[in-house]
Amino acid sequence: MAEQHRMEVRWSGANEVVTMLVEAAQRHGCETTVEQDGDNASLCASLVDTDLQALRDRVDALLVDFADVEEHHNG
């Protein structure tokens, strides 16, 4: 059986941001789950790869996109 590496990134914050984060995560091939509670949401984005370096690169790119979304939202 080949190795499989998994990384989960969890985020929580305003509902108005979660949709943009989900879109960003899906562009990177993440599986996503969202829980909403009133004006707040929680997101879990999960990435899987058989190559550890490839996974690290994907996680880095995902975090850059998440930062861009938050920066755009916070102005």
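Thresholds, definitions, all that
Residues numbered from 1 in each chain as written. Predicted model: local features only at pLDDT ≥ 70, side-chain atom pairs only at ≥ 80, totals over all residues. Heavy atoms only, no water. Core = buried A, V, L, I, M, F, W, Y, C linked by side-chain atoms within 4.5 Å. Buried < 20%, exposed > 50% of the residue type's maximum accessible area, 1.4 Å probe, protein only. Helix = DSSP H or I, 4+ residues; strand = E, 2+ residues; numbered from the N terminus. Contact = heavy atoms within 4.5 Å. Pairing = 2+ DSSP bridges.

### Description of the nonpolar core
In this structure, L21, L43, L62 and F66 are the most contacted members of the largest nonpolar core, which totals 18 residues. Listed by contribution, the elements that provide at least two residues to this core are β1 (5-14), α1 (15-27), β3 (40-49) and α2 (52-74). If one sorts the elements of this core by residue count, α1 sits on top with six residues. Every residue in contact with L43, bar those within four places of it in the chain, is listed here: V9, R10, W11, V18, L21, V22, T32, T33, V34 and F66.

### Some remarks on the pairing of strand β2 (residues 31-37)
Burial analysis of β2 places just zero of its seven residues in the buried class, a small minority of the element. Direction of pairing for β2 relative to β3: antiparallel, over a ladder of seven bridges. In the sheet register, Q36 faces β3, and the bridge partner there is A41. Where β2 folds back on β3, the antiparallel hairpin that results is connected by two residues, among which G38 adopts a positive phi of roughly 65 degrees.

Geometry only, nothing functional implied.
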